[in-house]
Every structure is written in C-alpha cells, then in structure tokens.
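Structural overview
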Amino acid sequence: MNAVRLTPPATLAKSGPSNPGLDNLVPDWMVRTTIPLASSKSESNRALIIDALTGFRCDLQNLSTARDTQTMIRLLKSEDATADVLDAGTTMRFLTAYFSVTGQQKTMTGTPRMCERPIGILVDALRSLGADITYLKNEGYPPLQIKGFSPSAESTNRLSIRGDVSSQYISALVMIAPLLPNGLTLELTGAIGSRPYIEMTLEQMRYFGADVRADWETKTITVASSPYVPKPYAIESDWSGASYWYSVAALATDERAEINLLGLKARSLQGDSAIVEIMRSLGVKSTFTDTGVRLTKIPTQQSLTCDFTDCPDLAQTVAVCAAVKGVVLRMTGIESLKIKETDRVAALQAELQKIGAELVEIETNHLYEVHQLAIAPAGPATIDTYDDHRMAMAFAPVAMQQEIIIDEPGVVAKSYPSFWEDMARVTTVKFINE
C-alpha cells in the first residue's frame, strides 16, 4: 500500500519567561504561507490545441506541469499510430476532434476507466462534419479509430448537441471550427452545464483571432471559417488547485491563519474562481493583491446551498470542508460527477462516512445534503482515492483538524504534482510504503 499520513499542526505550551499579550498556548506551526500554485490545466490544454491548429507557432508560457497537460504535449508531438491518453478525459475529447479535423489516422485509447467514459455524442458530431471514425470495441466508447476527414455534400456546418452532458464535447467542436470550410453553428439543447468552461474556450479562441459569437438566450454558438493568429499567451494559475487552499484556510484552527496564493486574477476565465464566493460562507475572506490572492478567516455560516452546475470540480472540496466544519450543505448540479474519473458521488458517500459525515440524496439525481453524523468514528480515517486526484486533495485539508491517511497519494500528479510538497508547508506529511 502507498499512502500519506497527514498530522495536524501541533499546539504546545510556551516555554521560557512569560510574554504579556501572548496566549498561554501558541501554535507550534502557525498557518502563514505562500503557495506558488500550479498552472491551470484547463487553460493549458485549450491553448495547446489552438497552438497546434496554428502549426505550433504560438509562444505559450507557464504551461501546466499536470500529467494531463504533459500527456497532451506528448501526444501532439507524437507520430505514433496510437494515442494513449491514460486517464485524461479532456485530452481524449480535444485530441479526437483535433486529429479528426487535421486528417490524421490515430487509434484513441486510454485506461480501463477512460474506456468506460462515453464519447458517442462527440463522435456523432464529428462524423456529421466529415470525420471517418469507428469504434474498436463498445459502441459509444473508446477505444476508437480515426481514419481521416473529408467534408462532402452530406456534411453540415450546423449541429445540435446536448449542453448538459460534457462541456468538453462543445469546447472540442468549437476549437476546430475555424478550420472547417464553412465554419460551424452549434445549437445547444437542454440545460447547459459547466458554462464557464465553454466561455473560457471562446475567450481563448477570440484572443487567437477566431470570429466566434455566443447567444446564450438562443443557446447558439457561431464560429466563422478563419485561421487562428499565432500569438504569445501566458497561462493563469489553477483555481481548481486554489480551492484546496481555501479549504485549508477554512479548517485551520489558527484564527490568524493567512495563505497567499500566487498567480490568480480577480477577473479570471476559469469557472472555478467561484470558490471565492462559496468559501466566504465557509469562513474565508479573499483579498486580491498584485501577486494573487490572500486568504484570511472570517465567521462561518451554519448552512449553505450551492449549485455546482458551472463548477463541478469544486463539489468534493466544498463537501468535505462543510462536513468537517459542521455546516449543513445542500448541493445541486453534481450529476456530471458520476461520469468523471470515478463516480464521485458514490465515492463521497463512502468516504465522508469515515470522517463522521454523510452525503444524502434528497431528490433523485438532483438534490443532495451533507451533514455531520451524531457519532464520529474513532481513530484516523484512511481515505480511498479511487484513482481520482480530486478525492485525494479534497480530503487532505481535513488534516488541519485531525490526523488522516490518504491512500495512493500519487494520483495528484494528474493536475497538481507538487501538492504534497505544498501541503508540507502547513502540516506534517509522512509517506507510507507497505
């Protein structure tokens, strides 16, 4: 077993002569730190696809070191006939569209879990545009074979696609649209999930010269046929990664805790910047500075209702934080969590029990509630991560109040490779190999 044991900052009695104005107990390790956050893999992966569509002529700076992004870089440069995306859903979807529109012949595959994640909606759309794609095993799922791209009289430049399944399908399609002979008009049906991720894609496209318009009332995105313009682009730090530090600040017993997160912007393209307002209710104040954002503690509300439709990657972090603080959290918009790296709803239900809380389904597949149990389990909890980076990082801040063990800690490499190194700035981190 590979695991990491996290121990809370110790509180020890003062030694030496008394110092008026100080408490009788002082934290042995005050929560005062500056975190050089990882870069956004969401921005990085979009910028990499657009760069590839310019013929790799952009100057991209501060690219993410996350495994997903490094996998994207490797596969964009590879001439191999097989593109193995490992467990990177964004990489699978974006590269399927990219390899299709550029006429490359590729076999797309990934981990066993990746081959259980649906891709049929995207493949159907690409086929309508002229892509020749076949499934190698199960209809609607990877692995699949891309054989080329040849728009014909039967091809269309107007598509209708569900907006509530995965924003990555929509982003994949609109990013390749400037290269289509007649551009693309995309009509979104039903509710639109993770809209900030779509808007991030559109803003990056505009930066690189794309003629793109979105009418959210009619749920229509229109992209003209016009090549991207190569330009330099700097990636912002990752708001998803920042969310774990908001949880650390919220759960810190040091009321004077202060955490400075570098490289974040008050006006961000990233939907997960919603953590600023969500965590205000959980006791964290955000103050933007010239270098990023400073987190300090404020009073906590007793209950909170959150719709995670536009920021599903924050759900685990907020659920765990609320559970430990005893805040009753009502959650909606988490349906998409069931088709992520794992079924994150089921994973949360299992692991919250271990820290004395539960996630209850109030309305089927819609409304959930997190609250503490009457009796908390004894001893340190051992959290299973289900090959999911966000399970590991969402539960790690629990260590600000109680000892916790996280199994398979290496999963954080998917999005935040330096996470445990950074956590060691605020708590004791010990790796266990058995």
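None of these values were measured; they are calculated from a predicted model.

The next thing to look at is the overall build of the protein. A count of helical and extended segments in the protein gives 12 helices and 24 strands. The C-alpha atoms of the protein give a radius of gyration of 23 Å, which matches the 22 Å a tight globule of 434 residues would have. The 434 residues of the protein split such that 54% are buried. Within the structure as shown, the protein displays about 17,700 Å² of accessible surface, and the carbon and sulfur contribution to it stands at 48%.

A few words on the pairing of strand β9 (residues 144-149). Looking at chain direction, strand β7 (residues 106-109) and β9 are connected through 3 bridges and run antiparallel. Bridge pairing in β9 places Met 108 opposite Leu 144. Note that strand β8 (residues 131-135) and β9 share 5 bridges and pair antiparallel. If you follow Ile 133 over to β9, its bridge partner there is Ile 146.

Now for the packing of aromatic side chains. Centre distance and the angle of the planes are the two values used to describe a pair of aromatic rings. Evaluation of the coordinates by the stated rule reveals 10 aromatic pairs. Between Phe 419 and Trp 420 the ring centres are 4.9 Å apart and the planes differ by 70 degrees, which places this aromatic pair in the edge-to-face class. An aromatic cluster is built from Tyr 244, Trp 245, Tyr 416, Phe 419 and Trp 420, whose rings are joined through pairwise contacts. Its guanidinium or amino end placed over the ring of Phe 99, Lys 106 lies 5.1 Å from that ring's centre, counting from NZ or CZ. Between Lys 231 and the ring centre of Tyr 207, over which it is positioned, the NZ or CZ distance is 4.0 Å.

This part covers the nonpolar core. By size, the foremost hydrophobic cluster in this structure holds 75 residues, and its most contacted members are Trp 245 and Leu 261. Once you skip the residues sitting within four places of it in the chain, Trp 245 turns out to touch Ile 35, Leu 37, Ile 259, Leu 261, Leu 295, Tyr 416, Asp 422, Met 423 and Val 426. Ile 49, Ala 52, Leu 122 and Ile 221 belong to the second largest nonpolar core, which has 61 residues in total.

Bringing helix α4 (residues 120-129) into the picture now. Listed as buried for α4 are Gly 120, Leu 122, Val 123, Ala 125, Leu 126 and Leu 129. Buried residues along α4 sit in contact with α3 (89-101), β8, β9, β10 (158-162), α5 (167-176) and β11 (184-189). The positive-phi residue at the C-terminal boundary of α4 is Gly 130, with phi of around 125 degrees.

Let us now look at the pattern of salt bridges. For the structure shown, the criterion picks out 20 salt bridges. Glu 369 serves as the salt-bridge partner of Arg 330, at 2.9 Å between the closest nitrogen and oxygen. Of this pair, Arg 330 sits in strand β19 (residues 328-332) while Glu 369 sits in strand β21 (residues 367-372); the two residues are 39 residues apart in sequence, bridging distant segments of the chain. As a salt-bridge pair, Arg 425 and Asp 422 come within 3.4 Å of each other at their nearest N and O atoms. Classification of Asp 422 by relative accessible area gives buried; the value is 2%. Connected via shared salt-bridge partners are Lys 41, Arg 67, Asp 68, Asp 87 and Lys 414.

Here we take up helix α1 (residues 41-53). In this model, α1 (13 residues) spans 18 Å end to end at C-alpha, consistent with the 18 Å of a helix rising 1.5 Å per residue. The element α1 is extensively covered by neighbouring structure, given that 13 of its 13 residues are classed as buried. Sitting at the amino-terminal end of α1 is Ser 40, which places a side-chain oxygen 3.3 Å from the backbone nitrogen of Ser 42. Backbone geometry just after α1 places Gly 55 at a positive phi near 85 degrees.

By the element assignment, Tyr 233 lies in strand β14 (residues 233-234). For Tyr 233, a relative accessible area of 9% puts it in the buried group. It is 20 Å that separates the C-alpha atoms of Tyr 233 and Tyr 98, two residues lying 135 residues apart in sequence.

Before going further, it helps to examine the sheet that holds strand β1 (residues 2-7). Spatially, β22-β23-β1-β24 is the arrangement adopted by the 4 strands of the open sheet, whose pairing is mixed. Where the open sheet ends on each side, the last strands, each with one partner, are β22 (381-383) and β24 (428-433). Between one strand axis and the next, the sheet turns by 25 degrees as a mean value, whatever way the strands run.

Another point: the sheet that holds β21. The mixed open sheet is built from 4 strands, whose spatial order is β18-β19-β21-β20. Two strands lie at the open edges of the sheet, namely β18 (303-307) and β20 (357-363), each paired on one side alone. Going from strand to strand, the sheet's axes swing by 20 degrees on average, the running direction of each strand aside. For β20 and β21, the ladder comprises 6 bridges, and the chain directions are antiparallel. For Ala 357, the partnering residue across the bridge sits in β21 and is Gln 372. Against the sheet, helix α10 (residues 344-352) touches β20 and β21, its axis set at about 140 degrees to β20.

What counts, and at which threshold
- Residues numbered from 1 in each chain as written.
- Predicted model: local features only at pLDDT ≥ 70, side-chain atom pairs only at ≥ 80, totals over all residues.
- Heavy atoms only, no water.
- Helix = DSSP H or I, 4+ residues; strand = E, 2+ residues; numbered from the N terminus.
- Rg over C-alpha atoms; globule rule 2.2 N^0.38 Å.
- Buried < 20%, exposed > 50% of the residue type's maximum accessible area, 1.4 Å probe, protein only.
- Areas by Shrake-Rupley, 256 points an atom, 1.4 Å probe, with all protein chains shown as cover.
- Pairing = 2+ DSSP bridges.
- Phe/Tyr/Trp six-rings, centres within 6.5 Å; stacked < 30°, edge-to-face > 60°.
- Lys NZ or Arg CZ within 6 Å of the ring centre and 35° of its normal.
- Core = buried A, V, L, I, M, F, W, Y, C linked by side-chain atoms within 4.5 Å.
- Contact = heavy atoms within 4.5 Å.
- Salt bridge = Lys/Arg side-chain N within 4 Å of Asp/Glu carboxyl O.
- Expected span 1.5 Å × (residues − 1).
- Polar contact = N/O pair within 3.5 Å; in protein donor to acceptor, adjacent residues only side chain to side chain.
- Axes fitted to C-alpha atoms, helices over the stretch in contact; angles between N-to-C directions.

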